[in-house]
There are 2 protein chains.
Amino acid sequence: MIDSNEKVRKLRALMKENGLDAYYISGKDPHLGEYSPLSWRIREFISSFTGSNGEILVTEKSAVLWTDSRYFIQAENELAGTPFSLLRENTDDPDLVSYIKEKLPEGARIGFSEESVSLSFHDELLKKLENYVLVPGKELVFSIWEDRPVLPDNPVYSLSLDIVGESEEDKINRIREKLKEDGVYWTLIADLDDIAWCTNLRSSDIPYDPVFMSYLFISLEDVVLFIKKDRIDFPFPFRIEDEDRLKDLVPVLSKGRKGALNPKKINLFISSMFRKEEIILLKEDYPTLFKARKNAIELEGMRRAHLLDAISYLNFLGKLERQGARDELEVLNMLEEERKKHKEYLYPSFGGISAFGENGAIVHYAPDRNNYKKIDGSGLLVLDTGGQYESGTTDITRTLLFGKASEKEKRDYTLVLKGHLALAAQRFPERTRGYQLDVLAKQFMWNAGLNFFHGTGHGVGMYLNVHEGPMRISPAAIDIPLEKGMVISDEPGLYRKGMYGIRIENLIAVKEDVTTEFSSFLSFEILTLVPYERRLIDMRYITALEKDMIDKYHQWIRSELEGKLSEEGEEYLVFATSPL
Amino acid sequence: MIDSNEKVRKLRALMKENGLDAYYISGKDPHLGEYSPLSWRIREFISSFTGSNGEILVTEKSAVLWTDSRYFIQAENELAGTPFSLLRENTDDPDLVSYIKEKLPEGARIGFSEESVSLSFHDELLKKLENYVLVPGKELVFSIWEDRPVLPDNPVYSLSLDIVGESEEDKINRIREKLKEDGVYWTLIADLDDIAWCTNLRSSDIPYDPVFMSYLFISLEDVVLFIKKDRIDFPFPFRIEDEDRLKDLVPVLSKGRKGALNPKKINLFISSMFRKEEIILLKEDYPTLFKARKNAIELEGMRRAHLLDAISYLNFLGKLERQGARDELEVLNMLEEERKKHKEYLYPSFGGISAFGENGAIVHYAPDRNNYKKIDGSGLLVLDTGGQYESGTTDITRTLLFGKASEKEKRDYTLVLKGHLALAAQRFPERTRGYQLDVLAKQFMWNAGLNFFHGTGHGVGMYLNVHEGPMRISPAAIDIPLEKGMVISDEPGLYRKGMYGIRIENLIAVKEDVTTEFSSFLSFEILTLVPYERRLIDMRYITALEKDMIDKYHQWIRSELEGKLSEEGEEYLVFATSPL
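So, here is what we can say about the structure in this document. Source: prediction; values computed, not measured.

Reading guide: rules and limits
Residues numbered from 1 in each chain as written. Chains lettered and ligands numbered in written order. Predicted model: local features only at pLDDT ≥ 70, side-chain atom pairs only at ≥ 80, totals over all residues. Heavy atoms only, no water. Least-squares fit on C-alpha atoms with pLDDT ≥ 70 in both. Contact = heavy atoms within 4.5 Å. Salt bridge = Lys/Arg side-chain N within 4 Å of Asp/Glu carboxyl O. Helix = DSSP H or I, 4+ residues; strand = E, 2+ residues; numbered from the N terminus. Phe/Tyr/Trp six-rings, centres within 6.5 Å; stacked < 30°, edge-to-face > 60°. Lys NZ or Arg CZ within 6 Å of the ring centre and 35° of its normal. Axes fitted to C-alpha atoms, helices over the stretch in contact; angles between N-to-C directions. Parallel < 35°, antiparallel > 145°, perpendicular 65-115°, else oblique. Left-handed = near helix turned anticlockwise from the far one by under 90°. Buried < 20%, exposed > 50% of the residue type's maximum accessible area, 1.4 Å probe, protein only. Pairing = 2+ DSSP bridges. Core = buried A, V, L, I, M, F, W, Y, C linked by side-chain atoms within 4.5 Å. Expected span 1.5 Å × (residues − 1). Arc of directions from axis to C-beta. Polar contact = N/O pair within 3.5 Å; in protein donor to acceptor, adjacent residues only side chain to side chain. Nonpolar A, V, L, I, M, F, W, Y, C, P; charged D, E, K, R; others polar. Right-handed = clockwise from strand over helix to strand, strands pointing away.

1. Things to note about the relation of the copies chain A and chain B
Here is step 1: With an RMSD of 0.1 Å, the operation that places chain A on chain B is a rotation of 180 degrees combined with a shift of 0.1 Å along the axis. These values place the two chain copies in the arrangement generated by a two-fold rotation axis.
Here is step 2: With an isologous cut-off of 70% or more, the 100% of interface residues of chain A that recur at the interface of chain B puts this contact in the isologous class.

Right, dumping it as structure tokens:
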């Protein structure tokens with residue numbers, strides 16, 4: 001295997017051949033999702049950095065990588081010995097545009113893969129770099145990537161109506177209503193989880209995400225799934241075409257009539273097929289909001305997935321209580337082992353986090369075989385994991401206690417818990433947006449001079465991606481109301497650098513509540529069934545209302561799980577769910 | 001005096017003369033503020049409607065007025081017997097654009113005063129009514145308004161540095177820094193309170209608002225105040241020109257160089273002086289944010305104004321406690337009488353609200369000589385008033401109890417109070433925006449199935465307008481952080497139709513709080529010094545923390561006011577501020 005220095009040398013030779021002064025790598029595949037299949041991990045190939053977010057710019061003389069605070073430490077380690085320097089996003093370090101203006105003369109030519117950037121990104125860059133020349137083209141790195149993995153080609157399968165609750169035809173009809181509302185004839189969807197939702201198909205092309213590489217064309221008359229054709233070897237109601245026919249067929253299918261595209265999800269290669277007058281630009285793809293509102297059958301599946309997950313989790317906690325664990329990796333493995341015992345369990349819904357002691361303060365720290373921490377002495381362990389089940393997706397964080405807790409740890413845990421409870425317990429009128437509720441999870445921490453800087457809640461898919469839009473709970477002014485059926489995480493945290501981290505995460509589903517003369521109200525149903533760590537709760541900071549809420553939650557967990565657990569699990573259940 | 005029918009008949013004749021199919025009246029003066037001087041109350045002149053918000057459209061066959069929910073009942077009464085029908089904003093009633101499309105054929109010509117609509121409003125209307133012809137021109141109504149009041153010409157006076165805390169030269173220099181940042185040479189300000197702030201001048205051209213009709217031109221080299229020239233008969237550091245020279249001079253002063261305008265505050269008549277390429281559009285005028293952040297001396301003045309206001313208020317409450325009041329108007333008059341006893345008190349900062357019993361449920365109900373309610377039997381009275389003082393502006397709402405309270409009234413009052421306290425007690429990190437905190441005032445109500453629909457908090461000027469931007473506390477996603485020195489109201493309410501209303505309002509100022517390893521925090525200083533109504537607090541719903549907060553607030557009020565009140569006032573103070 002050639003090393004990063006050699007790869008960058010070869011890339012620079014290619015840049016010269018192509019008359020480029022710089023080359024930009026977004027790290028995205030043509031579908032621009034959070035995770036990419038192995039064959040599109042160009043960023044990792046060339047720089048050795050394995051994080052899920054990072055941009056690269058290579059010039060004749062420099063090579064830099066930008067990533068966010070989750071990965072600062074990891075990036076420093078992984079980039080050591082490569083030609084890449086780290087630039088930290090949202091710090092005083094220059095961003096892409098400033099860096100280019102600083103390092104390159106006006107008129108410099110900047111190349112990049114037209115398949116790896118969105119139409120929006122390109123148009124914004126064009127505006128900001130008006131005195132430079134952007135040169136979109138085929139990905140240069142592929143020609144130096146000798147052992148590039150093959151494109152994924154895993155089995156694709158169809159989910160039955162008793163899992164998804166709505167036929168693919170009905171879903172397409174809902175989208176066609178939207179097309180008519182917007183006065184357009186067609187749309188083209190590139191976002192993989194939106195396509196999976198529309199077609200009721202799943203696969204495993206990308207780690208964690210049960211999706212498949214494809215594009216979906218929908219018009220008032222046609223539906224065409226562009227995918228490696230032989231992957232659909234079962235009855236399917238829509239037309240199937242090979243992906244490489246997209247460029248030929250879409251102009252025919254669209255009949256020159258007006259269409260709608262999401263410029264944040266459509267790459268430049270595809271968008272360049274259309275003239276600006278032919279398309280309207282969408283804020284979200286049509287299925288995104290439909291997908292976010294889970295129907296009754298999907299919610300039933302999510303409940304079942306959470307019940308199965310809780311059985312595994314309690315059995316794991318029971319075992320851990322009896323025999324302990326040597327290190328962070330063993331904790332992850334013990335839990336995964338319990339999950340695997342259920343035949344409906346498929347695989348993790350994301351790369352799990354098991355962070356002991358000071359590692360817990362690194363928000364997205366994840367141990368691996370070469371780098372993990374021993375559990376010795378007392379301390380907190382942040383355990384953030386989730387599973388894909390045949391009936392749904394889970395995502396749960398618990399903060400585990402090893403040994404004895406300090407007063408400070410207990411107070412911090414209790415403040416995080418109070419915020420977590422306040423959000424889950426809030427009733428709110430229809431049309432309330434996530435940004436209105438965010439403070440509920442932060443109010444107690446803020447009053448104590450504490451704070452955390454990740455989102456409080458993200459959407460979660462039903463047997464789909466663990467991160468799903470369009471709603472969020474965060475300070476960002478995203479104008480998407482919380483609606484009945486939406487599943488979202490409730491995960492405040494607190495991170496004391498060099499000491500410990502705390503995070504508590506349940507999934508909650510928006511449900512209808514009372515309608516009064518004032519408003520129609522919504523509230524949350526808690527999906528996750530795993531007790532909080534009672535040994536970390538400082539009762540001096542807990543109100544009677546909060547105690548009651550915790551006790552009721554624990555009672556409910558006991559009634560759901562009792563008799564379904566291992567001996568160790570049952571023992572732990574009784575201990576963990578007794579009234580405070 | 002001719003009646004509304006006759007006026008509309010005359011207007012229609014003018015419309016015909018001018019080839020217009022419809023005539024639009026915004027009800028705004030050329031400065032587009034909340035209140036207008038009498039000479040610009042065109043809406044009121046033609047329709048008899050006296051509310052502060054309303055738009056009018058007159059066609060050959062119909063005459064309609066739009067207003068918001070505050071004024072539905074009032075508008076129905078005032079429009080009776082006129083040719084105007086009421087259309088309710090934010091209901092299923094058609095809005096202006098829909099109404100035009102419904103009632104008028106394409107190509108119809110719609111006239112309006114170019115001085116009474118903003119550039120933004122015009123441009124948006126142009127987009128939405130692309131198949132109609134907009135015809136801006138001089139105000140037609142003036143020619144049929146025989147007894148039109150003269151333009152205001154009240155004394156203008158300069159405030160000393162020990163009241164405003166910053167010289168007008170220093171303020172101009174801060175604005176020039178912004179001009180340089182934006183790469184423009186000049187700006188023209190039409191917003192009257194921004195002009196008053198910049199120049200440290202005050203007058204009383206508009207009821208309640210201590211401002212004066214003028215425009216302010218600021219460039220990197222010049223400052224020119226356009227105003228009736230002889231009104232400035234004292235030393236003033238900037239050039240003075242008559243207002244009617246604006247159109248001649250501004251093109252000369254701007255030297256053909258680029259300028260900045262706020263299209264929401266500049267009327268079409270003025271904006272038409274400039275070509276689009278000559279100007280950049282601002283979200284807010286430059287002084288707006290500066291003005292919102294009160295300096296230490298301004299805050300000292302605000303505290304003094306609130307102390308004086310509290311003395312009047314407690315004396316009023318003491319008197320009321322002893323002798324009662326016959327009706328809503330008498331309550332208002334008794335309070336005004338007490339305020340007038342201070343020589344620093346000038347006049348009310350807005351039209352006071354005194355709403356007894358079911359009237360309290362009409363959010364902006366105000367009694368007048370022809371229409372007010374007797375106080376008989378038990379009931380709540382919402383009293384929302386404020387004053388202009390030589391040192392600052394106040395705005396306070398208290399809900400007064402007459403007779404005995406019902407259990408329901410006490411529970412509702414307590415829920416409103418809990419929200420009011422939670423907002424005032426919240427510490428929050430720098431860069432927090434008002435929309436993030438809004439739920440704190442609503443959380444308890446929502447959980448009880450209750451809600452209210454006005455803003456939770458608005459900015460307040462320093463010896464200036466009682467409603468001031470740009471920040472707010474509301475669900476609207478206004479991206480303006482709360483910053484040190486900002487003064488804002490904290491006024492949740494609850495309105496039970498046909499029964500009673502409750503509102504509790506203090507003014508609070510943003511101040512610096514602790515800086516920790518996590519964030520630099522801000523919190524609120526309470527400016528208002530009037531006790532809550534203890535007989536309306538149901539202690540069963542109050543936490544120990546809340547009780548402590550109320551007791552401390554009342555203790556502070558007692559320590560500030562003791563010895564400064566009338567005999568009745570002192571007696572009431574002792575009663576009202578004893579520990580709960």
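Read on for the rest.
2. Quick look at the interface of chain A and chain B
Here is step 1: Residue-level contacts link 31 residues of chain A with 31 residues of chain B.
Here is step 2: For the pair chain A and chain B, the number of links is two salt bridges.
Here is step 3: Across the pair Arg-496 of chain A and Glu-517 of chain B runs a salt bridge, and its minimum N-O distance is 3.3 Å.
Here is step 4: Elements represented by at least two residues in the side of chain A that touches chain B include exactly strand 21 (428–429), helix 15 (434–437), helix 16 (443–447) and strand 25 (493–496) of chain A.

3. Looking at the packing of aromatic side chains
Residues and elements named next belong to chain A.
Here is step 1: Evaluated as defined, the whole model comprises 37 aromatic pairs over all chains.
Here is step 2: Measuring from centroid to centroid gives 5.5 Å for Tyr-35 and Tyr-208, while their planes differ by 70 degrees, and the two rings are edge-to-face. Here the residue Tyr-35 occupies a position in the loop between strand 1 (22–25) and helix 2 (42–47), and Tyr-208 occupies one in the loop between strand 9 (201–202) and strand 10 (215–219), the gap between them amounting to 173 residues.
Here is step 3: These aromatic residues form a ring-pair network of at least three members: Trp-40, Phe-45, Phe-142 and Trp-145.
Here is step 4: In this structure, Arg-88 is placed above the aromatic ring of Phe-72, and the distance from its NZ or CZ to the ring centre is 5.7 Å.

4. Details of the packing of helix 4 (residues 96–103) of chain B against helix 5 (residues 119–128) of chain B
Residue and element names in this part refer to chain B.
Here is step 1: Direction vectors running N to C along helix 4 and helix 5 enclose 40 degrees, while the axes themselves pass 11 Å from each other. Judged by the inter-axis angle, helix 4 sits oblique to helix 5. Crossing hand, helix 4 versus helix 5: right-handed. Here Leu-96, Val-97 and Lys-101 of helix 4 come into contact with helix 5, specifically with Phe-121, Leu-125 and Lys-128.

5. A closer look at the pairing of strand 8 (residues 186–189) of chain B
Two faces belong to every sheet, and in a regular strand the side chains alternate between them.
Residue and element names in this part refer to chain B.
Here is step 1: Alternating positions in strand 8 separate into two faces, Trp-186 and Leu-188 on one and Thr-187 and Ile-189 on the other, with burial throughout.
Here is step 2: Note that strand 8 and strand 13 (residues 259–261) share two bridges and pair parallel. Its bridge partner lying in strand 13, Thr-187 is registered against Ala-260.

6. A word on the side chain of Glu-546 of chain B
Here is step 1: Mapping Glu-546 of chain B onto the fold places it in helix 17 (residues 544–561).
Here is step 2: Excluding residues within four positions of it along the chain, Glu-546 of chain B makes contact with Lys-418, Leu-421, Phe-444 and Tyr-541 of chain B.

7. Some words on the nonpolar core
Here is step 1: Within the largest apolar cluster, 146 residues are counted, with the highest numbers of intra-cluster contacts made by Phe-316 of chain A together with Phe-316 of chain B.
Here is step 2: Phe-316 of chain A has contacts with Val-331, Met-334, Leu-335, Glu-338, Leu-383 and Leu-400 of chain A, leaving out every residue within four places of it along the chain.

8. A closer look at the environment of Gly-469 of chain A
Here is step 1: Positionally, Gly-469 of chain A belongs in strand 23 (residues 468–473).
Here is step 2: When the C-alpha atoms of Gly-469 of chain A and Ser-85 of chain A are compared, they prove to be 32 Å apart, with 384 residues separating the residues in sequence.

9. Focus on helix 14 (residues 407–425) of chain A
Here is step 1: The first and last C-alpha atoms of helix 14 of chain A sit 27 Å apart over 19 residues, in line with the 27 Å expected at 1.5 Å per residue.
Here is step 2: Among the 19 residues of helix 14 of chain A, 14 are classified as buried, and the element is accordingly described as predominantly covered.

10. Things to note about the sheet that holds strand 8 (residues 186–189) of chain A
Residue and element names in this part refer to chain A.
Here is step 1: Taken in spatial order, the six strands line up as 12-11-10-8-13-14 in an open sheet, and their pairing is mixed. Two strands close off the open sheet at either side, each with one partner strand: strand 12 (239–241) and strand 14 (279–281). Strand-to-strand twist of the sheet, defined as the mean angle between neighbouring strand axes without regard to direction, takes the value 25 degrees.
Here is step 2: As judged from the four bridges shared by strand 8 and strand 10, these two strands associate in the antiparallel manner. By the bridge assignment for strand 10, Trp-186 is matched with Ser-219.

11. Remarks on the pattern of salt bridges
Here is step 1: Taken as a whole and judged by the stated rule, the model has 96 salt bridges over all chains.
Here is step 2: For Lys-484 of chain A, the salt bridge identified is with Glu-512 of chain A, shortest N-O distance 4.0 Å. Here Lys-484 of chain A is found in the loop between strand 23 and strand 24 (487–490), whereas its partner Glu-512 of chain A is found in strand 27 (residues 506–515), with 28 residues between them in sequence. Grouping residues by exposure puts Lys-484 of chain A and Glu-512 of chain A together as exposed.
Here is step 3: Among the salt bridges present, the one from Lys-294 of chain B reaches Glu-468 of chain B, with a minimum N-O distance of 2.6 Å. With Lys-294 of chain B in the loop between helix 11 (286–292) and helix 12 (296–323) and Glu-468 of chain B in strand 23 (residues 468–473), this pair connects stretches of sequence that are 174 residues apart. Glu-468 of chain B carries the same exposure label as Lys-294 of chain B, and that label is buried.
Here is step 4: Where salt bridges share partners, they join Asp-153, Asp-205, Lys-228, Asp-230 and Arg-231 of chain A into one cluster.

12. Focus: helix 7 (residues 168–181) of chain B
Residue and element names in this part refer to chain B.
Here is step 1: Helix length check: helix 7 (14 residues) gives 20 Å between terminal C-alpha atoms against 20 Å at 1.5 Å per residue, within 8%.
Here is step 2: Burial in helix 7 covers these residues: Glu-168, Lys-171, Ile-172, Ile-175, Arg-176 and Leu-179. Burial along helix 7 is one-sided: seen end-on, the buried residues are contained in an arc of 145 degrees. Along helix 7, the residues that are exposed and aim more than 90 degrees away from the buried face are Lys-180 and Glu-181.
Here is step 3: If you follow the buried residues of helix 7, they end up packed against helix 6 (161–164), strand 8, helix 8 (192–199), strand 10 (215–219), strand 11 (223–226) and helix 11.
Here is step 4: One or two positions beyond helix 7, positive phi appears at Gly-183, with a value near 65 degrees.

13. What about the side chain of Ser-219 of chain A?
Residues and elements named next belong to chain A.
Here is step 1: By secondary structure assignment, the location of Ser-219 is in strand 10.
Here is step 2: Polar contacts involving the side chain of Ser-219 include one to the main-chain amide nitrogen of Glu-221, which spans 3.1 Å.
Here is step 3: Not counting residues up to four positions away in its chain, the partners in contact with Ser-219 are Arg-176, Leu-179, Tyr-185 and Trp-186.

14. Details of the sheet that holds strand 6 (residues 133–137) of chain A
Residues and elements named next belong to chain A.
Here is step 1: As summarised here, the arrangement of the six strands in space is 4-3-2-1-5-6, forming an open sheet in which the pairing is mixed. The open sheet terminates on both sides in strands that have one partner only, identified here as strand 4 (85–88) and strand 6. Across the sheet, the mean angle separating the axes of adjacent strands is 25 degrees when strand polarity is ignored.
Here is step 2: In the sheet, strand 2 (residues 55–59) pairs with strand 3 (residues 63–67) via four bridges, with the strands oriented antiparallel. Across the sheet, residue Leu-57 finds its bridge partner in strand 3, namely Val-64.
Here is step 3: Across the sheet, helix 1 (residues 4–17) is in contact with strand 1, strand 2 and strand 3; its angle to strand 2 comes to roughly 65 degrees.

15. Observations concerning the packing of helix 12 (residues 296–323) of chain A against helix 18 (residues 567–577) of chain A
Residue and element names in this part refer to chain A.
Here is step 1: Two elements in contact, helix 12 and helix 18, have axes separated by 7 Å at closest approach and are oriented at 90 degrees. In terms of axis orientation, helix 12 runs roughly perpendicular to helix 18. Between helix 12 and helix 18, the contacting residues are Leu-314, Asn-315, Leu-317, Gly-318, Lys-319, Glu-321 and Arg-322 on the first element and Glu-567, Glu-568, Gly-569, Glu-571, Tyr-572 and Leu-573 on the second.
Here is step 2: Here the residues of the contact of helix 12 with helix 18 are counted per class, giving four nonpolar, three polar and six charged.

16. Structural notes on the environment of Asp-68 of chain A
Residue and element names in this part refer to chain A.
Here is step 1: Following the sequence through the fold, Asp-68 ends up in the loop between strand 3 and helix 3 (72–79).
Here is step 2: Since its relative accessible area comes to 13%, Asp-68 is described here as buried.
Here is step 3: In sequence terms Asp-68 and Leu-482 are 414 residues apart; their C-alpha atoms lie 28 Å from each other.
Here is step 4: At 2.7 Å, the side chain of Asp-68 and the side chain of Asn-53 are in polar contact.

17. Focus on the pairing of strand 3 of chain A
Residues and elements named next belong to chain A.
Here is step 1: Burial analysis of strand 3 places five of its five residues in the buried class, the great majority of the element.
Here is step 2: Judged by which residues are buried, strand 3 turns out to be covered on both faces: Ala-63, Leu-65 and Thr-67 on one side and Val-64 and Trp-66 on the other are all buried.
Here is step 3: Sheet topology places strand 3 next to strand 4; four bridges connect them, and they run parallel. From the neighbouring strand, Trp-66 faces strand 4, where its bridge partner is Leu-87.
Here is step 4: Regarding topology, helix 3 serves as the crossover connection from strand 3 to the parallel strand 4, and that connection is right-handed.

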